[in-house]
Every structure is written in structure tokens, then in C-alpha cells.
Amino acid sequence: MSDRSTARRGGLLAGALLLVGALTACGVDAVPTGEGTPLTGGTITYGHDQEPPCLYGGWIQQAYLSRQFLDSLVSQDDDGEIVPWLADAWEVSDDQLTWTFTLREGVRFSDGTPLDARAVSRNFEFWLDEQGNGTVGAYLADYYETSRAVDPTTFELSLSRPYTPLLSALSQAYFGIQSPTALARGPEANCEQPVGSGPFVVEEWRRGDGVTFTRNPDYQWGPANARHQGPAHVERLVWKFLHDPVARYGSLTSGETDVIYDVPTPEWSRAQELFQVEQYITPGRPVSLALNTVKGPFTDLRVRQAFAHAGDREGSVRSAFNGVIPFEGNGSVSQSTPGYDPDAADDYPYDPERANALLDEAGWTEFNDDGYRVRDGEELRITLVYGAGYVFTPEGATMLQNLQAQVKEVGFHVTLIPATQAEILSGTYAGPDAYDAYPSYWTSPTAGILYITFRQDLPEKPNKSNSQFYNNPELEELIVRANSAATRAEADELYGRAQRLISDEAATLGLYTQTTSLAVARDLKDVWIEDSQGEPVFHDAYFVR
Amino acid sequence: MSAILRPPEAAPAPATPPASKAPPRPTGRRLGTIATTALSALGVLWAAATVTFLAQVLMPGDRATLLLNLSTGQTVERTPEELAPINERFGFDEPLPAQYLEYLRGLAGGDLGTSYQQLKPVTEVISDQLAPTLLLTCGALLVAWLLALGLILLTARRGRARSALGSGFEALAASLPHYWLGVILLVVFAVELRWFPVVGGSGPAALALPVLTLAVPLAGFLGQVTRDEFERTLDQPFVVSARARGVGDLAVRVRHVLRHSVLPALTLSGWALGALFSGAVLVERVFSRPGLGQVLLNAVNARDVPVVAGVVMVVALVYVVANLLVDLAYTLIDPRIGER
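It should be emphasised that the depicted structure is a prediction, and the values quoted were computed from it without experimental measurement.

Turning next to the overall build of chain A. Within chain A, the regular secondary structure consists of 18 helices and 25 strands. Radius of gyration (C-alpha) of chain A: 24 Å, near the 24 Å computed for a compact globule of 545 residues. By its C-alpha atoms, chain A is 75 × 55 × 40 Å across when sized along the principal axes. By the burial criterion, 63% of the 545 residues in chain A qualify as buried. Nonlocal contacts in chain A, meaning residues at least 24 apart in sequence, comprise 70% of its contacts between residues at least 6 apart. In chain A, 40 side chains carry a positive charge and 77 a negative one; their mean positions are 2 Å apart.

Here it is in C-alpha cells:
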């Protein structure tokens, strides 16, 4: 196991039973009941929390589902290496602009359409030319030139400039390849019953209840990092939407589900005794506070730095999550991301004295009767808008309340605004007038996510995902150079410099890692979490007696 | 929505037994009543439609942005070029009055529009999910009545302690919040005792706890209203005379007293059925049941205006129909009302 893999898998949870990737043997040893006799067939019932609007799309909640029935060109293994999947092999031209993928032969979508280079090309056109997937666009729109089928098994992707993290990006389920025949049915059918070449086929989606997948009996083309080749061991996968944490965990203890997502943190230690549990720290942007650098008190660097020192972020994360979810000090990239810079994580330890000094220096020297700082008659007021029950679990909200109380000690008046999903997604709280601080995350297997979250927002080239409104040409240049670096080492060095710059500028403050946790019944083996962004994989899973 | 679900003014138990104040109505007046009822029902539906439309449209934020962001999980502002096709497709670029008229025109023709989120007709979205919710709410109403009546027959005027126990239970039950009760029932009877499944879905066993969650508070409420009336009726001269004729205690209670004392609670039931729908939103969430409540919740989250409006229309319709049925039941239970 490489160092990175160790970091990614936690080690953060003493005693957690690991079941992932190359760790099968270790997982089995750790299960006290022993291995048991493998069975074929059966139905896995899985309890997930959120239900997305479509089974396919550019949102992580959709990626969890699409991973079950769509295959990608490549896969990322637990060591972060890219391994073959639908593409057997690939090469890149010397100028790094032309990528040629050799596709596996004999692959068919579940509707019978052959998976050839034209089908792949059609998907790229759908994503990028027809803007069928905003997340693919966020990664590739600025780099994509054209795609074409050279012959049935040779697919060629042309870029306008080199893009080092291309393969990592492609390994995500957002980039799963769909049947062009099915795509042509239009958005409604495609939303409800998308068609891929994956190990499972969408049989039925009962909204508000769940999705039933059936085994694809012809499946012979799992990714190279799968535990076995051939069709799934189980016949069916029933994906239930169990939003209520009590019901979700209760369904596992009562045996109605075999696997659940997002183990409630109060149940975590007990779940470790009763089930096989697994925690995955999502790479990409961690749950972090974007500070508004163009409007309000945070336009002053000293005030941003004071805010960073004023709260015991690590302590509040630990208490709110019972120590289950790790603190992440680096606000731009999380610890499991390739190219993560640990130096950017400890720039702002809890230091109220330093916070007070910085605020004094910034001119916020007076206090009003409520104990808040005042400058020129204006109170030091911070509006923090967060997605309640959607981006933030109740534990996350508790964490923010802890923080609110701590920063009050040095004179910050924080107003927490819990916003609904509709308000947030409709842009009610977008734009520099809407907030002083806004917490969010973005799952991604590459530090290239910085291009999405920190590229400048300019009139001629807007970037609305820059939620700190922090425009810095020097930073953008570092990120752009990293994205096009010739080697991984060079890219990591540049990404690291970008992270340190963001940290020096206190444009964002790290809170905690976005984390996937699974609890799996003892009689179900080989459920694993894939590496690019933490989707559960059921293709290899089997029951034992 | 709550405005239309509030109990009618007539709901509180009348000071005198209702039997004594229902004058016989001539046929012409009866027809007039029906026309008035139909008109007011239409009025309720129109108001529900309008309020829903305005509430959804006038909320801050942009619908087209929401739809784009919903499909990517992003929370960003969008460029006019990105928004234009969506605005055109759903008619968001039309002036509001035009959108409103178009919406009403559709409603009049039974067309609830197309879901922004699911891209299919709202009537289909609703009809797919109507049955589980109707089963839940009607089951809850039935069970609530059984609980309330059983408790009254067993405790009302049967000794100070028993009577106090009964009315105390009613007061407690009526004040239980659905969410809290649901979670408690779930933890105790499904997770710990495992008498019932944790995950809802189909089957009578899976229906038990959700129905109880809705029924217990309602039973307390119906019981409170009925108990007062029940105890008053026990003092009526006709009860004394029935007893004098040698009718047994239980028979007096069931055949004579109950018949008079359920009328206020019956009035409330029309309202209660509407209110149960809003309770269903939470209950379906807690017990992971499909149904209109979940549809409504998801649609509100996604600001899927046609679906929200459609669900509200269905609830309003149920409310209207339930109240008509209540009127009908009145005449069956107490033939002196609306006779001839």
C-alpha cells in the first residue's frame, strides 16, 4: 500500500474493518465470523440517503447510481493508478494534444448497441457540444477540441492544450458511456432509464422509493481493478432511498438492508462491532468555507486571517462528529487528493490572541454592548449561508454553530442562514452580495479541481464556481500550468504552490473532509468503494452462508 | 397551503346538541345549497392554484438556474446563453400574467402541465404516487376513529379515575408531533422489537406504524371533541327514557349516545383528511414510504412548480370531496338534517 493510499483509507479510524481494493484478505481476516461458503445469486438491498432528479448526470448523487450501470473508459485503482476499463490501452501524442484510446472489443450496451469508437465519440459530443453534462463541461470545456472514431476500436480525443489530469477525470462516473441509441430517445427516457454497458441494468425506478437493478448476464468487461471478471454474482440490486438516518441505520440492524450509506456518527462505534464498516475520504475540495474577498469585512486579508485563527475548527469538527470525520485544515484540496499540500493545512491554528491582534490592526478596535467589534460605527458582521440537510448534515450544522460561538469571543458576529436546496440551486445565494462565507465541497480525483474552484471570474470568461470571488492572475497561471504540466511531479509541485498561495491569502478555510461511509452486513463480501470519488461498487459482491 | 386546511369555523362543538337546531329544508333551498357548495369548491381550487403559483414563482432565485444546477449538483450563477434554451422550453421568458393564464387554462382542461424535473406529465407523476398516500391517510382516519370511539366507550363517565385517564390520554395524544411520534414508534417497534419492518413500502405490516403515527394524534383530537358531546348527551332526557325502557348500558352508549355525539368529530374529519396529507409528508419521509408527501417534498426542493401545484390541487380536491361526504354522512346519521 502506498503512502497516499494509506492516507486515503484513513488509518484515521482505529479498528475500522477495511474491505477495499487489494485489502480483501485483510478484510476477511478481520471479520470474526470467518469467510463462510460463497453463494451465487440473491439480492443486495442498499440504503442510500438522497434521491437525485435523474439516474444519470453531473452530480455526485447521480454518479453513485450511474456507476452501477455505466462503464467509463478507464478506472482508477486504490493506489491512484489509472487502469484499463472500456479502453484497453491509450497513448498521447508528443505535444500532449491528441489522445488515442484503443477500445475493448465485443462490448455491447444492454440494449444491444455495440460499444464502438463512434458510440464513445457520440457521448463526448453530447457532453460537450450539446452541453448534456455540466460537470464534464466544468472539467473539459476549456480543453476539448474534437473527438472522432478512427475505426471501430480506435477513439481519438483532441485537446486545445495539454491536460495532465485527463485520465483521472475520465475515471469518474460522470464520464460513464451511454448507448447512443438510448441517448436518442430524448431526455425523459434517458433520465428515467438510462442505458449503459455496466454490470447492472436499470429495471425500474419507483420515485420516492428506490431503483431496482438487474444483473447484466453478458457482462465480461469489468475494470482491471475489479475483484473478478464476468457478470455480477448477485441477481439484483435494490437501491432504496432512506433519507431518515434512524430508519437507514435501523434497516441494517433489522436485516432489511444489506448495506447502508452514511452511517450516522453516533452509531459509528457500534456499527464497527456489528458490521463491516468502511470509510472513504473523498478527494477534491473538502467541506470548506469560501470567504467573500470582494465585498464585506473579508475583503481585508487581515480579517480573513483573524477569522481563521479565531475558531477552533479542529475541536469543533471533533466534537460535532464524535471524532468520526477527520478535520481538514487545507481549504482548497483535501488530504486524499494527489498533489495535496500538507503545509497549507496548518497555517491557521486556533489562536485567539493572534486573531485579536489582526483585528486591532485592521481597525476593528472598538466593542459594542453585545461584545462584537465595531469600526466606524459598523459592526463586524459575517453572514454565513449553508445548505441545510443537503450539503450539510445535522452534525455539520452543529459544527458551524460551535464555530459561531468561538469566533464571538474575539468579536465576530456570525449570522448563520440555513438555506434550502431550492434556494441554493436557484442562485438565491449566488453572487458577491449574497454572503460573506459559504461552505461547500466538490468531489474530484484530481487537484485539477482548482481550475474549477479558483480560476478567475472575469467578464469575458466567467467562472461562477469561484465562490470566494477571488481573482488572482498569478494563482490562475499556477493552476493552468499545473493542468498542462509535462509530468505528474511537476504538476504536483505547481498544485502545491497554488494551495499555499490560497492559504496565505486565506481565501478559503478548511473544515472537514467529505466522507463516504458504508456499513455492510457480515454475510455480504467484497462490496468496495471505488477510488475516483467514492461510489460503492456491487459488481463483485457476493453473499456467504 | 395551510390556509385551506384550517378547520372550518363550524368545527367547534356546538353549545347545544346539533339535533335541536337543524330546521327542515325545502327542496329548492337544497339545490341552492348544492350550487353554493359546488361554487365554493371551485373557489377553493382556484385559490389553491393561484396561491401555489404565486408562491413558487415569486420566491427569490431563478427557476432556469435551478433546473440547470439540479442536474449537475452545482450552485452557481448561469450565463444568459445557458439559460435561454431552458427559459424558452418552459416558457419562463413569458410575462408572468401570461404564464398564469396559460397555467389556469391548462388546469381547466385537466392538464396539470409537465414536471420540470421529471419531464413527464404531472398527472402521471401524481397518479403513480396517489395510491400509497390515500391508503395511508384513509387508513389513519379509520384507525383514528376506532381509537377515539373505543377509548370513549371504555372510559367516558365510567368513574372519575377512568374518565380522567381517558381524557388525559386524549390530550397527550393530540399534542404529539408526527415526526417525533414516528421516530419513537420506528425505534421501539421496528428497530428494537422488530415487530414491524423498518423500511416502508407495500404490505399491511409496513403500513401499521405509519398509520399509527398519523392516527394517534388525530384520535386524541377527535376524542376530545367527541367526549364533551358524549358526556352532555348522556344527560339528555332521551337517554334516561331509553334506560327506563330497559336498554342495556352498552347499547345505550353505542346506539343512542354515540350517534349524537360523533357529529362534531365528523365535521372535523373532512378537515382532518386534508391535514393528514400534510402529516403524510413527514411520515413518508421517516418511514421511507413512497407517496405524494415525498413527491411534494422533492418538488418543493426543486421548485418544480407544476408538480407542487398539482399536489396542492389534489389535496384541495380531496378536502372538498371529503367535506361533501361529511355533509352526506350528516344526513345519514341524523336524518332530521336535510330531510325531504
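What follows deals with the interface of chain A and chain B. Listed per partner, the contact involves 42 residues of chain A and 41 residues of chain B. Carbon and sulfur atoms supply 58% of the area buried between chain A and chain B, which totals about 3500 Å² over both sides. When the buried area of chain A at its contact with chain B is split by residue, A:R207, A:L425 and A:K464 rank highest and sum to 17% of it. The interface formed by chain A and chain B includes one salt bridge. With a closest N to O distance of 3.5 Å, B:K120 and A:E192 form a salt bridge. At the junction of chain A and chain B, the tally comes to seven residue pairs in polar contact (both at pLDDT 80 or more).

To continue, consider the pairing of strand 7 (residues 154-159) of chain A. Residue and element names in this part refer to chain A. Among the six residues that make up strand 7, six are buried, leaving the element largely enclosed by the rest of the structure. The alternating pattern of strand 7 places T154, E156 and S158 and F155, L157 and L159 on opposite faces, both of which are buried. As paired strands, strand 5 (residues 98-103) and strand 7 are joined by five bridges and run antiparallel to one another. Residue pairing across strands places T102 opposite T154, the latter belonging to strand 7. The turn joining strand 6 (residues 144-151) and strand 7, which pair antiparallel and follow one another in sequence, is formed by two residues.

All right, on to the pattern of salt bridges then. In this structure the tally under the stated criterion is 29 salt bridges over all chains. The closest approach of N and O atoms between A:K461 and A:D142, which form a salt bridge, is 2.7 Å. Linking A:K461 in the loop between helix 16 (449-454) and helix 17 (473-483) with A:D142 in the loop between helix 5 (134-140) and strand 6, this pair joins segments that are 319 residues apart in sequence. Under the relative-accessibility criterion, A:D142 is labelled partly exposed at 26%. Taken together, the salt bridges that share partners define one network made up of A:E192, A:R207, B:K120 and B:D128.

Residues and elements named next belong to chain B. Compared with the 50 Å implied by 1.5 Å per residue over 34 residues, the 47 Å span of helix 6 (residues 122-155) between its first and last C-alpha is a close match. Taking the largest bend as the criterion, helix 6 deviates by roughly 45 degrees, centred on L130, and proline P132 comes between one and four positions later. Positive phi shows up at R157, right after helix 6, with a value of about 55 degrees.

Residues and elements named next belong to chain A. What the rule picks out here adds up to one disulfide over all chains. The disulfide partner of C54 is C191, and the S-S distance across this bridge is 2.1 Å. The disulfide joining C54 to C191 has a torsion of about -100 degrees about its S-S bond and is therefore left-handed. Separated by 137 residues along the polypeptide, C54 in the loop between strand 1 (43-48) and helix 3 (60-69) and C191 in helix 8 (residues 187-192) bring together distant segments of the chain. The burial state of C54 is the same as that of C191; both residues are buried.

With that settled, consider the packing of helix 6 of chain B against helix 12 (residues 263-286) of chain B. All names here are of chain B. In the contact formed by helix 6 and helix 12, the axes pass within 9 Å of each other and the chain directions differ by 130 degrees. It follows that helix 6 is oblique to helix 12 by the angle criterion. Relative to helix 12, the crossing made by helix 6 is right-handed. Here helix 6 contributes T133, L134, L136, T137, C138, A140, L141 and W145 to the contact with helix 12, which in turn contributes A265, L266, S269, A272, L273, L276, F277, A280, V283 and E284.

A separate point is unusual backbone geometry. At A:Q131, a position not held by glycine, the phi torsion is positive, near 50 degrees. Position of A:Q131 relative to the elements: it lies in the loop between helix 4 (117-129) and helix 5.

Quick notes on the rules
- Residues numbered from 1 in each chain as written.
- Chains lettered and ligands numbered in written order.
- Predicted model: local features only at pLDDT ≥ 70, side-chain atom pairs only at ≥ 80, totals over all residues.
- Heavy atoms only, no water.
- Helix = DSSP H or I, 4+ residues; strand = E, 2+ residues; numbered from the N terminus.
- Rg over C-alpha atoms; globule rule 2.2 N^0.38 Å.
- Buried < 20%, exposed > 50% of the residue type's maximum accessible area, 1.4 Å probe, protein only.
- Contact = heavy atoms within 4.5 Å.
- Lys, Arg positive; Asp, Glu negative; His and termini not counted.
- Charge placed at Lys NZ, Arg CZ, Asp CG, Glu CD.
- Buried area = accessible area lost by both parts, 1.4 Å probe.
- Salt bridge = Lys/Arg side-chain N within 4 Å of Asp/Glu carboxyl O.
- Polar contact = N/O pair within 3.5 Å; in protein donor to acceptor, adjacent residues only side chain to side chain.
- Pairing = 2+ DSSP bridges.
- Expected span 1.5 Å × (residues − 1).
- Bend = angle between axes of the 7 residues up to and from the residue.
- Disulfide = S-S within 2.5 Å.
- Axes fitted to C-alpha atoms, helices over the stretch in contact; angles between N-to-C directions.
- Parallel < 35°, antiparallel > 145°, perpendicular 65-115°, else oblique.
- Left-handed = near helix turned anticlockwise from the far one by under 90°.

The values are spatial; any link to function lies outside them.
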